[in-house]
Amino acid sequence: MSIPTKFIPSEVEEKWYNYWLENNFFKSTPDSRKPYTIVIPPPNVTGVLHMGHMLNNSLQDILIRRARMKGYNACWVPGTDHASIATEAKVVEKLKKKGFSKNDLTREEFLKHAWEWTDEFGGVILEQLKKIGCSCDWDRTKFTLDPEMSESVINGFIDLHNRGLIYRGYRMVNWDPQAQTTLSDEEVIYKEKPGSLYYISYKIDDSDDSVVVATTRPETILGDTAICINPKDKRYKHLHGKKVIVPIAKRSIPIILDEYVDVEFGTGCLKVTPAHDPNDKMLGEKHKLDFIDVLNPNGTLNSKGLHYEGKDRFIVRKSIIKEIDNLGQLVKKENHISKVGTSERTSAIIEPRISEQWFLKMKSLAEPAKLSVLKSEEVQLIPEKFKKTYSHWMENITDWNISRQLWWGHRIPVYYYGKKSSNYVVAESIEKALELAKIKFKNNEISVSDLNQDDDVLDTWFSSWLWPISVFNGINEPDNDEINYYYPTQDLVTGPDILFFWVARMIMAGYAFRGNFPFSKVYLTGIVRDKKGKKMSKQLGNSPDALALIDEHGADAVRVGLMLSSAAGNDLLFDEKLCIQGKNFANKIWNAYRLIDSWNIDSKIKQPSSSIDALICFENTFNKDLESINDHFDKYRISDALMTAYKLVWDDFCSWLLETVKPDYGSSIDIITFDQIKLQFQNILKLIHPFMPFISEEIWHIIKVRSKPEESLIVSPWPKTKKYDKSILESYETMKQTIGALRKFRKENDLPQKFKLNLLCHNKNSIVFPEIISRLGQLEKIEFSDKKINQNGGVLNVGTNEFFIPLDIKIDFEKESIKINEEIKYLEKFRLSINKKLSNPSFVENAPNKIIEFEKKKLSDTEQKIKNLKSRLKKSV
RNA sequence: GGGUGUUUAACUCAGUUGGUUUAGAGUGUUACCUUGACAGGGUAGAAGUCACUGGUUCGAAUCCAGUAACACCCACCA
């Protein structure tokens with residue numbers, strides 16, 4: 001059966017993935033080995049794979065596969081996140097298409113729909129991860145709404161509440177009128193939108209005078225409770241202590257003084273609406289103003305909106321301006337571009353509102369998390385540059401609003417008794433709540449129906465921040481075997497965009513619940529961008545279909561493509577061409593295998609010395625590269641590790657080793673070389689496996705022939721580092737250069753490639769691996785001779801070595817001498833610069849000896865080269 | 001407005017505590033080769049005022065200051 005010239009990924013990917021699964025290679029249980037653990041950043045349960053996931057999870061798989069080969073008990077815990085807002089928004093949208101809204105349903109009915117949705121689309125993304133080869137321990141798959149996970153969240157809440165860290169408070173929150181929920185600051189996206197700045201005059205009480213204020217949100221006028229001016233503003237000195245009348249509402253409100261007001265902006269007069277603007281709230285509290293909330297949760301005006309009650313805020317904006325204009329109080333209207341907060345999920349315009357919410361005190365939680373990262377002792381951020389951003393955020397941390405007015409999520413375990421919202425108990429169940437309530441309110445008559453559970457759910461991140469602990473059930477059972485074995489985990493791989501949402505909070509939770517950090521390294525990947533530098537996202541439609549890419553190029557190729565240019569923390573401009581490079585690489589490896597497979601072995605042939613030498617060169621190169629690959633891995637320079645392996649395979653293994661040892665057409669190979677080549681190929685497959693798991697496993701099994709499951713590449717030991725001989729590597733380098741010079745010579749002089757030459761060398765000691773040079777340089781032989789060269793031919797200069805090529809034909813000496821002169825000129829300039837350095841007394845005094853010696857060597861080498869060239873010039877003339 | 005980065009070959013990026021032959025890689029590009037692993041290949045080559053301006057130093061892509069462009073994060077002026 002002939003082997004296809006091209007590697008066909010689709011024929012092997014599923015086969016090996018299933019093989020790995022069947023043999024439980026991904027599975028991990030605590031044992032006596034050292035654990036190496038990664039918890040996956042849980043993607044949204046109903047999400048689909050995008051390029052960010054691909055990058056992220058390929059990296060994790062590379063790390064976990066290498067750790068597995070290095071003999072660790074490798075455990076990669078997969079899972080998904082319920083993503084309360086994102087999922088709920090999708091379900092609401094789906095219901096809308098069916099013609100009914102969330103409010104038409106009871107909480108239970110809605111949740112039923114949400115679970116149906118989750119069951120339908122949930123986990124698709126995990127199936128996609130399998131396509132790219134992710135070696136997760138699937139038996140451990142967790143979902144943040146699983147019973148055990150939910151229990152962790154509730155217990156975490158109760159614990160923090162008992163420590164006095166959770167409180168109920170009024171807050172200016174970001175209100176999404178469409179989803180009818182509060183959003184965290186992080187979920188609000190500010191967009192520039194053109195609008196108008198309206199100048200409206202307010203009549204001064206007990207006077208015919210008036211004052212003009214500028215506003216972009218006239219609908220909030222009905223909630224005004226003051227006008228604020230800067231006390232230093234000379235224009236308004238006469239207004240100090242006066243009152244003004246709110247248009248339409250005809251209420252009388254005070255003029256207050258505060259330096260907060262910018263004299264330059266608008267008219268220098270600010271209307272203060274404490275219930276609908278964070279800054280106004282601050283002024284309102286400072287000056288003890290009334291708070292008038294004019295909005296309903298759905299964005300329409302409430303009874304405080306008078307005759308506008310029930311109308312949407314944007315409709316009111318238009319009509320109220322009309323009314324004010326009719327009253328003669330609209331002074332002018334200017335175009336104004338303002339940054340408007342919108343919901344990340346629903347894109348609705350956010351309304352700031354005063355609302356009662358649950359908060360988590362962050363200051364004390366942040367302290368240990370801040371220090372551990374700053375000192376890089378327990379948690380290390382890679383790359384380090386994120387440390388600054390991290391500490392800045394930690395220092396300015398504010399309390400975390402953890403309640404959301406949603407249904408899809410973990411319902412807050414708070415039970416109210418009676419009408420006062422301050423009368424509540426916190427408990428994991430209604431039964432427990434009843435017990436507590438009877439004690440707390442000293443009333444044995446209280447029954448279940450007297451208690452009302454809080455309607456809100458917890459912020460999604462409130463379950464995510466427990467993830468590294470809760471996946472091992474460490475919140476509910478703090479002393480179980482799993483958490484004790486796997487925690488703290490080793491590496492976390494995620495995007496820098498969720499450094500604050502998630503990473504920082506997980507570190508805090510680690511110290512809060514286990515007194516220990518959750519992971520020791522955080523590898524922050526770059527953000528995947530398209531060629532124009534735009535962030536790849538589904539919304540922009542510029543993200544290539546991840547699965548289509550795999551179908552087209554193969555999973556190995558896509559993984560390589562992603563890794564090739566993804567230095568940690570640096571954004572990655574993704575270009576599909578990189579996948580093609582990955583594909584070419586896979587094909588190169590495939591054809592190396594085909595070549596080896598095609599050889600006829602003849603046990604009677606003696607091993608040629610060129611093969612012996614080539615193998616020595618390769619082994620030393622391999623050991624050097626292995627050392628540097630390990631070093632790159634230790635520093636999380638994954639793309640460098642891959643590139644080193646890439647060049648080792650392509651250049652050293654294929655172009656030099658295989659080219660040297662491959663038998664001529666029609667001949668056979670000796671058995672010693674053949675076995676050695678197979679061995680080296682296996683070593684190479686090991687290095688390649690973390691990056692390209694499928695093709696490497698495929699070839700591994702073919703060349704190992706009868707390999708048993710436990711001898712699979714995925715669980716084979718990572719190569720051990722061995723010493724290498726630097727002088728051999730130097731000779732190898734010289735040899736490659738010699739061959740290069742020879743090929744160049746042949747080309748420049750228009751000699752056919754198969755034209756066999758003879759090479760004369762004066763210095764026997766300077767020549768290295770002559771057999772390989774003969775073979776790959778297509779030489780008849782290399783002669784060592786002291787005899788004067790007095791015949792036609794050419795000269796090769798390699799470093800300080802000089803070779804003579806005797807030829808029957810004449811070399812174009814004129815052309816040759818021009819070239820030599822140019823080279824001499826270049827070298828003389830170079831010599832001048834070294835001389836200048838060496839004759840500079842302060843250089844000689846200050847520079848370290850090593851550098852001076854080096855410069856001297858440079859000088860003598862250069863002089864030798866010039867001498868060689870000059871003597872060549874003489875001969876040519 | 002505050003902060004953090006980036007700027008090195010046509011493109012994407014390295015350049016590891018300032019000295020390692022007047023800067024490296026991959027891709028692309030140019031010329032030539034190619035029935036014996038691979039045209040998704042081979043061989044050889046070309047290609048850079050290290051953003052700009054100053055400074056420190058015997059010595060700067062590397063350190064410092066300033067300028068410019070870009071990116072991201074945070075806060076948001078009615």
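Coordinates for the structure precede this section.
Residues numbered from 1 in each chain as written. Chains lettered and ligands numbered in written order. Predicted model: local features only at pLDDT ≥ 70, side-chain atom pairs only at ≥ 80, totals over all residues. Heavy atoms only, no water.

**Quick notes on the sheet that holds strand β29 (residues 779-784)**
Here comes step 1: In space, the four strands of this open sheet follow the order β29-β28-β31-β30, with mixed pairing throughout. Two strands in the sheet have a free side with no partner beyond their single neighbour: β29 and β30 (793-798). Sheet twist, expressed as the mean angle between neighbouring strand axes with direction ignored, is 25 degrees.
Here comes step 2: Where strand β28 (residues 757-761) lies against β29, five bridges are found, and the strand directions are parallel. Looking at β29, one finds that Cys 761 is bridged to Phe 784. (Pairing = 2+ DSSP bridges. Helix = DSSP H or I, 4+ residues; strand = E, 2+ residues; numbered from the N terminus. Axes fitted to C-alpha atoms, helices over the stretch in contact; angles between N-to-C directions.)

**Digging into the sheet that holds strand β19 (residues 424-426)**
Here comes step 1: With antiparallel pairing, three strands are arranged side by side in an open sheet as β19-β18-β20. For this open sheet the edge positions go to β19 and β20 (451-453), each flanked by a neighbour on one side alone. On average, each strand axis in the sheet is inclined to that of its neighbour by 30 degrees, with strand direction left out of account.
Here comes step 2: For strand β18 (residues 414-417) and β19, the ladder comprises three bridges, and the chain directions are antiparallel. Along β19, the bridge assignment pairs Tyr 416 with Tyr 424.
Here comes step 3: Together, β18, β19 and β20 form the strand contacts of helix α11 (residues 430-440), whose direction differs from that of β19 by roughly 130 degrees. (Contact = heavy atoms within 4.5 Å.)

**Some thoughts on the packing of helix α18 (residues 577-598) against helix α20 (residues 638-661)**
Here comes step 1: Following both chains from N to C, one finds α18 and α20 inclined at 35 degrees, their axes separated by 11 Å at the closest point. The element α18 and its partner α20 pack so that their crossing is left-handed. Taken together, the residues of α20 that come into contact with α18 (itself represented by Gln 581, Asn 584, Phe 585, Lys 588, Ile 589, Ala 592, Leu 595 and Ile 596) are Ala 645, Tyr 646, Val 649, Trp 650, Phe 653, Cys 654 and Leu 658.
Here comes step 2: Of the residues belonging to the contact of α18 with α20, the class tally is 12 nonpolar, two polar and one charged. (Left-handed = near helix turned anticlockwise from the far one by under 90°. Nonpolar A, V, L, I, M, F, W, Y, C, P; charged D, E, K, R; others polar.)

**As for the packing of aromatic side chains**
The geometry of an aromatic ring pair is captured by the separation of the ring centres together with the interplanar angle, meaning the angle of the planes.
Here comes step 1: Going through the model one piece at a time under the given rule, you end up with 36 aromatic pairs.
Here comes step 2: Grouped by ring-pair contacts, the aromatic residues Phe 157, Trp 358, Trp 400, Tyr 416, Tyr 424, Phe 462, Trp 465 and Phe 513 constitute a single cluster.
Here comes step 3: Across the ring face of Phe 110, the terminal group of Lys 102 is positioned such that the distance to the ring centre comes to 5.7 Å.
Here comes step 4: Taking NZ or CZ as reference, Arg 353 lies 4.8 Å from the ring centre of Trp 175, over its face. (Phe/Tyr/Trp six-rings, centres within 6.5 Å; stacked < 30°, edge-to-face > 60°. Lys NZ or Arg CZ within 6 Å of the ring centre and 35° of its normal.)

**Observations concerning the state of the cysteines**
Here comes step 1: Throughout the structure, instances matching the rule amount to zero disulfides.
Here comes step 2: With no disulfide of its own, Cys 228 has Cys 269 as its nearest cysteine by sulfur position, at a separation of 9.0 Å.
Here comes step 3: According to the relative accessible area criterion, Cys 228 is buried, its value standing at 0%.
Here comes step 4: Here Cys 617 stays unpaired: no disulfide links it, and the sulfur of Cys 654, its closest cysteine neighbor, is 16 Å away. (Disulfide = S-S within 2.5 Å. Buried < 20%, exposed > 50% of the residue type's maximum accessible area, 1.4 Å probe, protein only.)

**A look at the nonpolar core**
Here comes step 1: Membership of the largest hydrophobic core comes to 184 residues, with the highest contact counts inside it found for Leu 360, Phe 462, Trp 465, Met 508, Ile 589, Phe 653 and Phe 681.
Here comes step 2: Of all the elements, α20 adds the most residues to this core, at 13 residues.
Here comes step 3: Ignoring anything within four residues of it in the chain, the contact list for Phe 462 reads Val 153, Phe 157, Leu 160, Leu 360, Trp 400 and Ile 402. (Core = buried A, V, L, I, M, F, W, Y, C linked by side-chain atoms within 4.5 Å.)

**Things to note about the protein's contact with RNA strand B**
Here comes step 1: The environment of RNA strand B is made up of 60 residues, and the closest members are Asn 570, Gln 581, Asn 587, Arg 594 and Phe 830.
Here comes step 2: If you look at RNA strand B and keep only atoms within 4 Å of the protein, 54% of those are sugar or phosphate atoms.
Here comes step 3: Here a base oxygen of RNA strand B and a backbone polar atom of Tyr 826 are 3.3 Å apart.
Here comes step 4: Going through the elements one at a time, β13 (330-343), α18, α20, α23 (726-748), α25 (813-839), α26 (841-846) and α27 (849-876) are the ones with two or more residues in the surface near RNA strand B.
Here comes step 5: The biggest single contributor to the surface near RNA strand B is α18, with nine residues.
Here comes step 6: Grouping the constituent residues of the surface near RNA strand B by class yields 22 nonpolar, 15 polar and 23 charged. (Near = heavy atom within 4 Å. Polar contact = N/O pair within 3.5 Å; in protein donor to acceptor, adjacent residues only side chain to side chain.)

**Let's talk about unusual backbone geometry**
Most peptide bonds take the trans configuration, and most residues that are not glycine carry a negative phi.
Here comes step 1: Residue Ile 382 is joined to Pro 383 through a cis peptide bond whose omega torsion reads 0 degrees.
Here comes step 2: Structurally, Pro 383 is set in the loop between β15 (380-382) and α10 (386-395).
Here comes step 3: Of note, the amide linkage connecting Tyr 487 to Pro 488 takes the cis form, showing an omega dihedral of -5 degrees.
Here comes step 4: Mapping Pro 488 onto the fold places it in the loop between α14 (481-486) and β22 (489-494).
Here comes step 5: Of note in the backbone geometry, Phe 769 takes a positive phi value of approximately 45 degrees without being a glycine.
Here comes step 6: Within the element layout of this structure, Phe 769 appears in the loop between β28 and α24 (770-776).

**Some details on the side chain of His 410**
Here comes step 1: You can see His 410 is positioned in the loop between β17 (403-404) and β18.
Here comes step 2: Excluding residues within four positions of it along the chain, His 410 makes contact with His 82, Thr 144, Leu 145, Ser 150, Val 153, Ile 154, Asp 456, Val 457, Leu 458 and Ser 463.

**Re a negative patch on the surface**
Here comes step 1: Side chains of Glu 148, Glu 151, Glu 428 and Glu 477 sit close together on the surface and give a patch of like negative charge.
Here comes step 2: Within the element layout of this structure, Glu 428 appears in the loop between β19 and α11. (Patch = residues over 30% accessible without salt bridge, like charges linked within 9 Å, V, L, I, M, F, W, Y side chains within 5 Å. Areas by Shrake-Rupley, 256 points an atom, 1.4 Å probe, with all protein chains shown as cover. Salt bridge = Lys/Arg side-chain N within 4 Å of Asp/Glu carboxyl O. Lys, Arg positive; Asp, Glu negative; His and termini not counted. Charge placed at Lys NZ, Arg CZ, Asp CG, Glu CD.)

**Quick notes on the side chain of Ser 611**
Here comes step 1: Topologically, Ser 611 is positioned in helix α19 (residues 609-634).
Here comes step 2: Relative accessible area serves as the criterion here: at 2%, Ser 611 is assigned to the buried category.

**Some points on the pattern of salt bridges**
Here comes step 1: Under the counting rule described, the total for this entry stands at 40 salt bridges.
Here comes step 2: A salt bridge links Arg 559 to Asp 61; the shortest N-O distance between them is 2.8 Å. With Arg 559 in helix α17 (residues 555-564) and Asp 61 in helix α2 (residues 51-69), this pair connects stretches of sequence that are 498 residues apart. As far as burial versus exposure is concerned, Arg 559 and Asp 61 are alike and both buried.

**As for the packing of α18 against helix α21 (residues 671-688)**
Here comes step 1: At a minimum axis distance of 11 Å, the contact between α18 and α21 shows a crossing angle of 160 degrees. In terms of axis orientation, α18 runs roughly antiparallel to α21. Crossing angle aside, the handedness with which α18 passes α21 is left-handed. Contacts between α18 and α21 involve Phe 585, Ile 589, Ala 592, Tyr 593 and Ile 596 from the former and Phe 674, Ile 677, Phe 681, Leu 685 and Ile 688 from the latter.
Here comes step 2: For the contact of α18 with α21, the residue count by class is 10 nonpolar, no polar and no charged. (Parallel < 35°, antiparallel > 145°, perpendicular 65-115°, else oblique.)

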